[in-house]
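# Descriptive analysis of the structure
In case you want the letters, here they are:
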Amino acid sequence: MADRKNWIMPRRVEGEASRQAHADLPKGTYEREISKEGFFGPAAFLHHTHPPTGWTSFEGPLRPRAFNLSKLDHGHHSPWSAPRILSNKHMEMRFWKLAEAMPALSRNADGDQLLFIHRGEGALYCDYGHLDYEQGDYIVLPRGTMWRLDPSTENEVLMIEATNSHYTLPDKGLVGPHAIFDPAMLDAPKIDDVFRAQQGETETRVEIKKRGAVSVATFPFNPLDVIGWHGELSVVRINVRHIRPLMSHRYHVPPSAHTTFISDRFVVCTFAPRPFETDPGALKVPFFHNNDDYEEILFYHAGDFFSRDNIEAGMMTVHPSGFTHGPHPKALKGMFTPKKEATDEYAVMVDTRDPIDFHEEARPVEWEGYVNSWQNRSAED
Ligand SMILES: [Fe+2]
């Protein structure tokens, strides 16, 4: 992601230090990374003698936030009335519960729309045809696509909009384009009998979102009426179980190795089950860092979230840029000796370059005390 820059980069090893990041730390120390441009710019690895989150109190506006989105009540027939959780100029996130077929078609004129199916299954009908979906699916809807969902069980959907922009695939670099997931694993909708069966002269509304406001076009027929198409743009779907995470038995790879989709000012990464590192000197948990250039949003989809205490599926945490964080106290005990051989978590991470605004709609399900989850309680004990 980083531009080619003439970084100021003195290479030094000062005092007692490891020369390999995330491994072979001096005995009894905790590593904190300070870095530029996420994990792509210059960085320093500092060996602290206390956990870098070992504060006894934390006050002021720089706060990590946590929300239990699955606890939001009410379903919404339209994605455009689903609660907005947070946004900035380049990204908007909503959490949408839908139990019945959408009565209208939707179109996002503001940007590409990514749907992550947290719960439930159903059928998607769109300009490109029919595509079934299930829990764990990502569905990318190019800007301008008309679409609707027809759930067969109640759906919970995390919606991530690439405002005024697109989703693309990351450059897989040294491991080549077929690693992590092969582009051939991306499924596209089909013009099949099920799609043809929903066509007809039924009056149909299309709710078009532009600059956040909704306009409605009413047709005397169903405009999902194509009989064919060609091109290199389409709705695509991939399930998180088809993601084959990169890992190294000797090195804790940074979250950027798990990038799934890229937009101009943010990335979407997927944490999928993987074995822990086995090299005795390699870190097994995320290293402490300040997230210096990125706001970090994590949505917990399924499994056991190994580096987080008291986090369950359907929750979202936000670690703002500048807030030092790392493993929670219980996970930290397994820094070099995890209790299990592998992680069994699925989570969606969005790292965004621009500060985030939070919306009131998520306030009822906020966990107010989240900042204290790192608190050093030894002073009270
Ligand atoms: Fe982080």
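This text goes with the structure placed above it.
Only a predicted model underlies this, so the values are computations on that prediction, with no experimental measurement involved.

## What about the overall build of the protein?
For the protein, the helix and strand inventory stands at two helices and 22 strands. Taken against the 2.2 N^0.38 rule, which gives 21 Å for 381 residues, the C-alpha radius of gyration of the protein at 22 Å falls within 12% of a compact globule. Counting only C-alpha atoms and orienting by the principal axes, one finds that the protein spans roughly 75 × 45 × 40 Å. Residue burial in the protein is summarised as follows: out of 381 residues, 53% are buried. The contacts of the protein with a sequence gap of at least 6 include a subset with a gap of at least 24, amounting to 73%. Entry remark: accessible area of the protein is about 18400 Å², with carbon and sulfur atoms responsible for 50%. Computed over 41 positive and 54 negative side-chain charges, the separation of the two mean positions in the protein equals 4 Å.

## Focus: the sheet that holds strand 22 (residues 357–358)
Working definition: the strands of a sheet are paired by backbone hydrogen bonds and lie parallel or antiparallel to each other. In spatial order, the strands read 15-10-7-12-5-4-22; together these seven strands make up an open sheet with antiparallel pairing. Lying at the two open borders of the sheet, with one neighbouring strand each, are strand 15 (236–239) and strand 22. Pairing of strand 4 (residues 84–88) with strand 22 involves two bridges; the strand directions are antiparallel. Note that in strand 22 the partner of Ser-87 across the bridge is Asp-357.

## Here we look at the packing of aromatic side chains
Across all of its chains, the model carries 16 aromatic pairs by this definition. With 5.1 Å between their ring centres and 55 degrees between their planes, Phe-116 and Tyr-138 make a pair best called tilted. Of this pair, Phe-116 sits in strand 7 (residues 111–119) while Tyr-138 is found in strand 10 (residues 137–141), placing the two residues 22 residues apart along the sequence. Assessed through its relative accessible area of 1%, Phe-116 is described here as buried.

## Structural notes on the sheet that holds strand 19 (residues 295–302)
With antiparallel pairing, six strands are arranged side by side in an open sheet as 3-20-19-21-17-16. Edge strands, defined here as strands with exactly one partner in the open sheet, are strand 3 (65–68) and strand 16 (259–262). For this sheet, the mean angle separating the axes of adjacent strands, direction not counted, is 15 degrees. Sheet topology note: the strand 16/strand 17 (residues 266–271) ladder contains three bridges and is antiparallel.

## Some remarks on the coordination of the iron ion
Within the protein, the atoms that donate to the iron ion are His-289 (NE2), Glu-296 (OE), Glu-296 (OE) and His-325 (NE2), at distances of 2.0 to 2.4 Å. The coordination sphere of the iron ion comprises four donor atoms, whose angles at the metal cover 59 to 175 degrees; the geometry is irregular. Assessed through its relative accessible area of 7%, Glu-296 is described here as buried.

## What about the pattern of salt bridges?
Taken as a whole, this structure holds 19 salt bridges when the rule is applied. Glu-14 is the partner of Arg-12 in a salt bridge, and the nearest nitrogen-oxygen pair spans 2.9 Å. Residue Arg-12 shares its accessibility class with Glu-14, and that shared class is exposed. With its nearest N and O atoms 3.4 Å apart, the salt bridge here joins Arg-205 to Glu-207. Judged by its relative accessible area of 40%, Arg-205 falls in the partly exposed class. By relative accessible area, which is 13% here, Glu-207 ends up buried. Through salt bridges that share partners, Arg-65, Arg-363, Glu-366 and Glu-368 make up one connected network.

## Quick notes on the pairing of strand 5 (residues 91–98)
Most of strand 5 sits inside the fold, with eight of its eight residues counted as buried. Alternating residues of strand 5 divide into Met-91, Met-93, Phe-95 and Lys-97 and Glu-92, Arg-94, Trp-96 and Leu-98, and every residue in both groups is buried.

## Some points on the pairing of strand 12 (residues 155–163)
The buried count for strand 12 comes to nine of nine residues, which makes it a mostly enclosed element. By the bridge criterion, eight bridges tie strand 5 to strand 12 in an arrangement that is antiparallel. Within strand 12, the position partnered with Trp-96 by the bridge is Val-157. The sheet contact formed by strand 7 and strand 12 spans eight bridges and is antiparallel. The residue bridging Gly-111 from the neighbouring strand is Thr-163, located in strand 12.

Reading guide: rules and limits
Residues numbered from 1 in each chain as written. Predicted model: local features only at pLDDT ≥ 70, side-chain atom pairs only at ≥ 80, totals over all residues. Heavy atoms only, no water. Helix = DSSP H or I, 4+ residues; strand = E, 2+ residues; numbered from the N terminus. Rg over C-alpha atoms; globule rule 2.2 N^0.38 Å. Buried < 20%, exposed > 50% of the residue type's maximum accessible area, 1.4 Å probe, protein only. Contact = heavy atoms within 4.5 Å. Areas by Shrake-Rupley, 256 points an atom, 1.4 Å probe, with all protein chains shown as cover. Lys, Arg positive; Asp, Glu negative; His and termini not counted. Charge placed at Lys NZ, Arg CZ, Asp CG, Glu CD. Pairing = 2+ DSSP bridges. Phe/Tyr/Trp six-rings, centres within 6.5 Å; stacked < 30°, edge-to-face > 60°. Axes fitted to C-alpha atoms, helices over the stretch in contact; angles between N-to-C directions. Donors = N, O, S within 2.8 Å, 3.2 Å for Na, K, Ca; no water. Tetrahedral: all angles 85-135°; square planar, octahedral: opposite > 155°, others 65-115°. Salt bridge = Lys/Arg side-chain N within 4 Å of Asp/Glu carboxyl O.

Functional significance is not addressed by these values, which are geometric in nature.
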